[in-house]
Amino acid sequence: MKYQDLHIQTQREFPNNARTQGFGWLVRAGYLTRENEALPLGERAISKLHILAKKPDFLSQISLPLLHNEHETFFLLDTGPLEIIHCPACNYTGRVELTPFLKTPFAQRQEQEKQLPIEKVLTPDCHTIEALANFLNIPKEKTAKALMYTRTSDNQFIFVVVRGDMQMSEAKLKNLVGDVRTATVEEISRSGAVAGYASPVGLKNALIVVDDLVPRSPNLAAGANEAGYHLLNTNCGRDYSPEITSDLIQARAGDTCIGCGNPLSVVTALCLAKRSEFYFENILLALAETHHDDKGLTFPKSASPFDVYLMHIPGRQLDTRAKAEEICNDLQNAGFAVLFDDRDERAGVKFNDADLVGCPIRITVGEKALQNGMVELKPRKEKENKLIALEKIIEEISQERLTPHLP
Ligand SMILES: [Zn+2]
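A. The nonpolar core, seen in detail. Within the largest apolar cluster, 66 residues are counted, with the highest numbers of intra-cluster contacts made by Val308, Tyr309, Leu310, Val338 and Leu339. Excluding its chain neighbours within four sequence positions, the residues that come into contact with Val308 are Leu331, Phe336, Val338, Cys359, Ile361, Ile363 and Ile397.

Here it is as structure tokens:
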């Protein structure tokens, strides 16, 4: 493949919108536009990944640090779009909004507490958990937080209860009941609830869904469904009966790992694969993040879109370009994917571009070496180059030979 046929346009500067180093190098090396669209070189890199993906264990063979669970594979990235929880101790990993964690510590303490009689108390201006806990001088874990939704498929009013110290995950709720939207003021009042002072006690036609920690948390303060009042000592099962009891809480950093009991971290990531589906653009970005130096990309042999970057330095006496073309044909006939830089540019320009594009091997056809029947060969990740006899080229780079090959 000729450089000019691929219309490669390398950039001297980092794009000013580069979210990450890897993205910046992909733009500078001519794989992507600044708007994140694949250019021909990027499309070729992605085609190579498609071919590689037919092999089992593909992701682990292209030298990427990965986190995964049974469904998804992630790559840690500071500016990644996903939040995942990760246990550094046992590698437990999952999307923060979907993955369960261990909730026992509070419950163990509270299970020993006896259920107390319900009691209605005046709580002026206590519209939030914060205000309620302050006013009653109790920890937030002793309050019940109410969230009200309407199921979009059948307009069923859904009343959710989680403990006041916890954050509900809408993704977990939707997995349980289907798609929902926030309930309107009319829908809330039709059920008998009062926004700001709502609880599931005494509601009509509500589907009550509680987090599984709520039945294990006795004597929670909850709304009285009357403006300005709350109930002390509400108990799930005694004062109201949920239709669904399940995990509804979004994990936070420091929560306890369900696998090993150690504290969880929350980190940002890219998703590279979900079940057997691969996200090739994300994989390309992950490769660029992990495989670059201060001159450009250094893709691993297995994932580089070309095996060899072949270039000539225009000569005075010998036609180096014709010789390079001959070498290109020989290499391609031997099964190597070659990017032939066929431009009549200065050596320095081509060396810079070869470093940016990042093929594992660069072969340079220059007049002086060619007069002795030699070419220069330089692995991308090494500083030194060496002279190789023309007839030894294929043998030499066969050690670096890559499979599978692009046509
Ligand atoms: Zn763990």
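B. Structural context of the packing of helix α2 (residues 40-52) against helix α7 (residues 280-290). Across the interface, α2 lies against α7 with an axial gap of 10 Å and an inter-helix angle of 105°. In terms of orientation, α2 and α7 fall into the roughly perpendicular class. Residues Gly42, Ala45, Ile46, Leu49 and His50 of α2 pack against Phe280, Glu281, Ile283 and Leu284 of α7. Across the contact of α2 with α7, the residue classes tally to six nonpolar, two polar and one charged.

C. Structural view of the sheet that holds strand β10 (residues 220-223). The three strands are arranged β5-β11-β10 in an open sheet whose pairing can be described as antiparallel. Either end of the sheet is taken by a strand with one partner, and the two such strands are β5 (119-122) and β10. On average, each strand axis in the sheet is inclined to that of its neighbour by 35°, with strand direction left out of account.

D. Summary view of the pairing of strand β19 (residues 386-389). In the sheet, strand β18 (residues 374-379) pairs with β19 via four bridges, with the strands oriented antiparallel. For Met374, the partnering residue across the bridge sits in β19 and is Ala389.

What counts and what doesn't
Residues numbered from 1 in each chain as written. Predicted model: local features only at pLDDT ≥ 70, side-chain atom pairs only at ≥ 80, totals over all residues. Core = buried A, V, L, I, M, F, W, Y, C linked by C-beta atoms within 7 Å. Buried ≥ 20, exposed ≤ 12 C-beta atoms within 10 Å, placed from the backbone. Contact = placed C-beta atoms within 7 Å. Axes fitted to C-alpha atoms, helices over the stretch in contact; angles between N-to-C directions. Helix = DSSP H or I, 4+ residues; strand = E, 2+ residues; numbered from the N terminus. Parallel < 35°, antiparallel > 145°, perpendicular 65-115°, else oblique. Nonpolar A, V, L, I, M, F, W, Y, C, P; charged D, E, K, R; others polar. Pairing = 2+ DSSP bridges.

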